[in-house]
Amino acid sequence: MSVPQTNEPSPGPKGLADLYWAFTWIALQGFGGVMGVMYRELVERRRWLTNEELLELWSIAQVLPGPNMGNLSLIIGERYFGVRGAIAAGLGLFSVPFVLLMLLALAYTQSAGHPEVMGALRAVGVVVVALIAVTALKLLPALREHPLGFTACLLAIPLTLAAILWLKWPLLVVLAVLGGSYCVLTYRALGRGAAQRS
Amino acid sequence: MAELALELTAWQWWDLLWHFMGLSLLAVGGGVSVLPGAHRYLVLQQGWLTQTQFSASLALAQVAPGPNVLFAAVMGWHVGLNNGNVYWALLGGCVGLVGIVLPSAVLTTVATRWIRQQSERREVRAFKQGMAPVVVGLMLASAALLMAPYQVVETDWKLWILGLVALLLLWRTKLHLLWVLVPAACLGALGWV
């Protein structure tokens, strides 16, 4: 009945179950790049959101503590059905993947140190390190526009590395001391920037 | 595999859950940010995981589809496994899952409307932008922690080459992660790295 290829956004998920299965499906396609899948599923295929809306919600997901994709699913779920929507979406993202992962962990455990398995996982571990490093590298260009300036931002890297690797501070202390300092300085820089513009 | 022989008391299980819940709230910039915190607690401080189990947990979470923050569940699995058997491992998995997800999930669900309204405020922007450089530092620290065991040049140099190649491919090309992950896993299985 509906005309295909319409540019009208669809009314959104039909219910909690729809939310749950949508996010389950998104999670199952997400190998280290759930964001891309979110875009394909929610913006292109289901048309629940526009690209701008997705990016806006994602930036909020980033501000709030916790896994970004988890937060994003909660935010989207909450948007449609309140708290129950958030729960449905969150469960969708985590429940089936959790079960699968536990099965995978069991299989790994049963493999009892076979050299092929250990070797494969060792190599995968190194690729994961590369992925983490690449994520960090991709965040760097955005820091050029930072209120504190690029150099000050780069300084955070050796400071954080020293705090974690050498001083062995707990994460909370690193975030409170280094993170807190940077936040306060950024706050003041934002104020100066606004004052200069006005 | 179980590499340690632990006997966690109920209080220690509670401490594990509590710690993951703390990490949940400290996960600014994403789940990966808390890897140094998890490493410090589980491997260095409590000695409930070996370095190998730590890395393996992360790798398994990456290989499986879904949010990578589930590495916490696999770490919990290994703690439970070290505690004796698969049933403890499953408990550990649940503890990791609930710990790493629940607090931030509750906070997000409750605060999302408020944050949307306040997102232009200077404090919120300062928080988001202020944390960003430190988050970058935390990620690089995680990378360093994970590569730390591979310092024996004779056996490990191929692993470092793999890492560099993977880094360049993932950074400079649009290759999907699986195109790098699967060949790497094959190389590892064959014993070539």
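Before reading on, note that the structure itself is shown above.
Residues numbered from 1 in each chain as written. Chains lettered and ligands numbered in written order. Predicted model: local features only at pLDDT ≥ 70, side-chain atom pairs only at ≥ 80, totals over all residues. Heavy atoms only, no water.

Draft legend 1. Local environment of the overall build of chain B. Scanning chain B from N- to C-terminus turns up eight helices and zero strands. Along the three orthogonal principal directions, the C-alpha set of chain B runs to about 55 × 50 × 25 Å. Counting only residues that meet the buried cut, chain B has 55% of its 193 residues in that class. Pairs at least 24 residues apart make up 64% of the contacts formed inside chain B by residues separated by at least 6 positions. Distance from the positive charge centre (10 side chains) to the negative charge centre (7 side chains) of chain B: 21 Å. (Helix = DSSP H or I, 4+ residues; strand = E, 2+ residues; numbered from the N terminus. Buried < 20%, exposed > 50% of the residue type's maximum accessible area, 1.4 Å probe, protein only. Contact = heavy atoms within 4.5 Å. Lys, Arg positive; Asp, Glu negative; His and termini not counted. Charge placed at Lys NZ, Arg CZ, Asp CG, Glu CD.)

Draft legend 2. Focus on the interface of chain A and chain B. On the chain B side, the residues contacting the 89 residues of chain A number 99 residues. Among the residues of chain A in contact with chain B, Phe31, Arg122 and Leu171 of chain A are the three that bury the most area, contributing 9% of the side total. At the surface where chain A touches chain B, the tally comes to three salt bridges. The partner of arginine 113 of chain B in a salt bridge is glutamate 78 of chain A, with the nearest N and O atoms 3.3 Å apart. At the level of elements, α1 (16-28), α3 (51-63), α4 (68-110), α5 (115-139), α6 (150-166) and α7 (171-197) of chain A are the ones that each hand at least two residues to the side of chain A that touches chain B. The biggest single contributor to the side of chain A that touches chain B is α5 of chain A, with 23 residues. Its residues assigned to classes, the side of chain A that touches chain B shows 63 nonpolar, 18 polar and eight charged. (Buried area = accessible area lost by both parts, 1.4 Å probe. Salt bridge = Lys/Arg side-chain N within 4 Å of Asp/Glu carboxyl O. Nonpolar A, V, L, I, M, F, W, Y, C, P; charged D, E, K, R; others polar.)

Draft legend 3. Structural detail: a nonpolar patch on the surface. Among the surface-exposed residues, Val153, Trp157, Ile161, Val165, Leu169, Leu175 and Trp179 of chain B lie close enough to one another that they form a single nonpolar patch of about 710 Å² accessible area. Here the nonpolar patch takes five residues from helix α7 (residues 153-172) of chain B, the largest share from any one element. (Patch = residues over 30% accessible without salt bridge, like charges linked within 9 Å, V, L, I, M, F, W, Y side chains within 5 Å. Areas by Shrake-Rupley, 256 points an atom, 1.4 Å probe, with all protein chains shown as cover.)

Draft legend 4. Quick look at the state of the cysteines. Residues and elements named next belong to chain A. Evaluated as defined, the whole model comprises zero disulfides over all chains. Cysteine 153 takes part in no disulfide bond, and the closest cysteine sulfur to it belongs to cysteine 183, at a distance of 11 Å. By relative accessible area, which is 1% here, cysteine 153 ends up buried. (Disulfide = S-S within 2.5 Å.)

Draft legend 5. Local environment of helix α8 (residues 177-190) of chain B. The terminal C-alpha atoms of α8 of chain B lie 20 Å apart, and with 14 residues this matches the ideal 20 Å at 1.5 Å per residue to within 8%. Where α8 of chain B is buried, its residues meet α5 of chain A together with α3 (51-63) and α7 of chain B. Looking one or two places after α8 of chain B, you find glycine 191 of chain B, whose phi comes out positive at around 80 degrees. (Expected span 1.5 Å × (residues − 1).)

Draft legend 6. Region of the structure containing the packing of aromatic side chains. Going through the model one piece at a time under the given rule, you end up with five aromatic pairs over all chains. Each ring, one from tryptophan 14 of chain B and one from tryptophan 18 of chain B, has its centre 5.9 Å from the other, and the planes form 25 degrees; the classification is stacked. With tryptophan 14 of chain B and tryptophan 18 of chain B both in helix α1 (residues 10-26), this residue pair falls four residues apart, about one helical turn. Given a relative accessible area of 43%, tryptophan 14 of chain B falls into the partly exposed group. Given a relative accessible area of 54%, tryptophan 18 of chain B falls into the exposed group. Considering the side-chain rings of tyrosine 41 of chain B and tryptophan 48 of chain B, the 5.7 Å spacing of their centres and the 85 degrees angle between planes classify their relative orientation as edge-to-face. Here the basic side chain of arginine 79 of chain A rests over the ring of tyrosine 80 of chain A, its NZ or CZ set 5.9 Å away from the ring centre. Sitting over the ring of tyrosine 187 of chain A, arginine 122 of chain B keeps its end group 3.9 Å from the ring centre. (Phe/Tyr/Trp six-rings, centres within 6.5 Å; stacked < 30°, edge-to-face > 60°. Lys NZ or Arg CZ within 6 Å of the ring centre and 35° of its normal.)

Draft legend 7. Spatial organisation of the environment of threonine 173 of chain B. Residues and elements named next belong to chain B. Mapped onto the secondary structure, threonine 173 falls in the loop between α7 and α8. When its relative accessible area of 31% is taken as the criterion, threonine 173 is described as partly exposed. The sequence separation of threonine 173 and leucine 159 amounts to 14 residues, and the corresponding C-alpha distance is 21 Å. Engagement of the side chain of threonine 173 in a polar contact is seen with the backbone nitrogen of leucine 175, the distance being 3.2 Å. (Polar contact = N/O pair within 3.5 Å; in protein donor to acceptor, adjacent residues only side chain to side chain.)

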